[in-house]
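Read off the chains here:
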Amino acid sequence: EMLSERASINSEAPGVNDLRPRRFAEYIGQRQVVNSIQIAVEAAKQRGDTLDHALFHGPPGLGKTTISQIIAREMETTLVHTSGPALERPADVVGILSNQKHGDVLFIDEIHRLSHAVEEYLYSAMEDYRVDFIAGAGAFAKTINLPLQKFTLIGSTTRAGMLSPPLRERFALTYHLDYYSVGELTHVVTRSASILSVSIDQPGAKVIASRSRGTPRIANNLLRRVRDYAQVRREGEIDDEVAAEALHVEGVDELGLDRLDRLYLETLARNYGGGPAGINALAASANEEVQTLEDVVEPFLLKIGFIMRTPQGRRATTRGMTHVGAPSDAAADA
Ligand code: ADP
């Protein structure tokens, strides 16, 4: 899919699934979401019913897939994992749906990227547990009504706003996952380090946590890079000094911004004088995909107040300009 530099940083290395929490009790942070979904799961189990359809939205790497897998495990059902782009033709989705057993979870990642034709099949599948499709052609064509087992659809998206209203309305449960605090990410790092048998002290874990852009997936990836560095350059023990050194070598700065984040800011600052600049122009200048910039780079820069989205385009704030050493008199908030 996204073959950009950031996508490769963000995608998971083999074996990384060992780090996934398997139960609600192991899932760090997102307390409100976990509390609510735990009640829904418990109630459905007590009634011997299936769980209502659920939608998770928020930036990549925050635990949407993980919590969906936990839900399936706690419901003692099977999760079938697919994605919007993978379900190209209606036949793909009809095939999967007709194989689902009662209570199974169908997990659709990047659900905002479903084709319109496939989406239409989901409406009746979600609402009435049936699909109607046309078999044959011309004078011999006939509509077949296929009843389905009652199942749970879990959708995951980085762009809730791109979901069509009819699809969005069919999710009884909707949850937003937000960036994690440094404290929560320190916990993630400590937990992962113990699973990986890496020796790290609390200040070391905190350095990694505070440079992980609020994202557990990044925290785990940075932990692996720091572990490698500590193994090759030091005695293997990780403290704050080793962690800071290793992350500096990786091009991750004190705020957790990496080369791509800085490239984005620098392009906005130098090529466009701080903006406003359209996302397509920025992507072309930075030689990156629009989707990567919108999904992966911008949400965190917006969160920390380094950029603003205006009707005219993206603008860098004074803080954003200063961070990449650009004169800030043209900044959005100047
Ligand atoms: P998303 O589906 O939102 O892109 P994932 O569920 O794939 O994110 O999570 C990315 C990785 O981050 C997982 O492999 C897991 O190891 C880790 N992770 C995510 N959420 C948590 C959490 N709440 N506690 C501990 N680790 C987590």
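In this numbering scheme, every chain counts its residues from 1 along its sequence in written order. For a predicted model such as this one, the threshold for reporting local features is a pLDDT of at least 70, and the threshold for listing and counting side-chain atom pairs is 80 or more; totals across whole chains, interfaces and linings nevertheless cover every residue. The side-chain quantities take in all heavy atoms of the structure and omit both hydrogens and water.

Some words on the overall build of the protein
No. 1: The way it works is that DSSP assigns letters per residue, a run of H or I at least four long becomes a helix, a run of E at least two long becomes a strand, and they are numbered from the N terminus. Broken down by element type, the protein carries 14 helices and nine strands.
No. 2: When its C-alpha atoms are laid out on the principal axes, the protein stretches across 70 × 45 × 30 Å.
No. 3: Per-residue burial over the protein gives 49% buried out of 334 residues.
No. 4: By element, 49% of the accessible surface of the protein is carried by carbon and sulfur atoms, the whole surface being about 15600 Å².
No. 5: Side chains of the protein give 36 positive and 44 negative charges; the mean places of these two sets differ by 2 Å. Only protein chains enter the area calculation, which uses a 1.4 Å probe; residues under 20% of their type maximum are buried, those over 50% are exposed, and those in between are partly exposed. Per-residue accessibility takes into account occlusion by the displayed protein chains alone, with areas from the Shrake-Rupley method and a 1.4 Å probe. For the purpose of charge, His is not counted, nor are the chain termini; Lys and Arg are scored as positive and Asp and Glu as negative. Throughout, a charge is located at the NZ atom of Lys, the CZ atom of Arg, the CG atom of Asp or the CD atom of Glu.

What about the sheet that holds strand E6 (residues 152-157)?
No. 1: Only strands that DSSP links by at least two bridges are regarded as paired with each other. Overall, parallel pairing links the five strands, which are arranged E2-E3-E6-E1-E7 in an open sheet. In this open sheet, the two edge strands, each paired with only one partner strand, are strand E2 (79-83) and strand E7 (173-176). On average, adjacent strands in this sheet sit at an angle of 15° to one another, irrespective of strand direction.
No. 2: Strand direction decides the pairing type here: E2 and strand E3 (residues 105-109), joined by five bridges, are parallel. Note on E3: the bridge partner recorded for serine 83 is aspartate 109.
No. 3: Contact definition: two residues touch when any of their heavy atoms are within 4.5 Å. Helix axes use the C-alpha atoms of the stretch in contact, all axes being lines fitted to C-alpha atoms, and the angles between their N-to-C directions lie in the range 0 to 180 degrees. Against the sheet, helix H2 (residues 31-47) contacts strand E1 (54-57) and E7, and its axis sits at roughly 160° relative to E7.

Details of the confidence of the model for the protein
No. 1: Predictor confidence is given residue by residue as pLDDT, running from a minimum of 0 to a maximum of 100. The predicted model of the protein has a mean per-residue pLDDT of 91, with 93% of residues at 70 or higher.
No. 2: Of the regions scoring below 50 in pLDDT, residues 1-10 engages in 25 contacts with residues more than four places distant in sequence or in other chains.

A look at the environment of glutamate 88
No. 1: The topology assignment puts glutamate 88 in the loop between E2 and helix H4 (90-99).
No. 2: A residue is classified by how much of its surface remains accessible, and glutamate 88, at 63% relative accessible area, is exposed.
No. 3: Sequence separation between glutamate 88 and glutamine 38 is 50 residues; the distance between their C-alpha atoms is 33 Å.
No. 4: Non-local contacts of glutamate 88, meaning those with residues more than four positions away in its chain, are made with Ser115 and Val118.

With respect to the pairing of strand E9 (residues 313-316)
No. 1: One ladder, built from four bridges, connects strand E8 (residues 307-310) with E9; its direction is antiparallel. Each bridged residue has a counterpart across the sheet, and for isoleucine 307 the counterpart in E9 is alanine 316.
No. 2: Two successive antiparallel strands, E8 and E9, enclose a turn made up of two residues.

A short note on the packing of helix H7 (residues 182-195) against helix H9 (residues 216-233)
No. 1: Where H7 meets H9, the closest approach of the two axes is 9 Å, and the angle between their N-to-C directions is 45°. Judged on the interaxial angle alone, H9 and H7 are oblique. Where H7 crosses over H9, the handedness of that crossing is right-handed. Within the contact between the two elements, H7 uses Leu185, Val188, Val189, Ser192 and Ala193 and H9 uses Pro216, Ala219, Asn220 and Leu223.
No. 2: Each residue is assigned to one of three groups, with Ala, Val, Leu, Ile, Met, Phe, Trp, Tyr, Cys and Pro labelled nonpolar, Asp, Glu, Lys and Arg labelled charged, and all others, Gly among them, labelled polar. When grouped by side-chain class, the residues that make up the contact of H7 with H9 number seven nonpolar, two polar and no charged. Any angle that falls under 35 degrees is termed roughly parallel, while one over 145 is termed roughly antiparallel, one within 65 to 115 roughly perpendicular, and all others oblique. We call a crossing left-handed when the near helix sits turned anticlockwise from the far one by less than a right angle, and right-handed when that turn is clockwise.

Describing the packing of H7 against helix H8 (residues 202-210)
No. 1: Where H7 contacts H8, the two axes come as close as 8 Å, and the packing angle between them is 120°. Crossing angle aside, the handedness with which H7 passes H8 is right-handed. Contacts between H7 and H8 involve Val182, Leu185, Thr186, Val189 and Thr190 from the former and Gln202, Ala205, Lys206, Ile208, Ala209 and Ser210 from the latter.
No. 2: In terms of residue class, the contact of H7 with H8 is built from six nonpolar, four polar and one charged.

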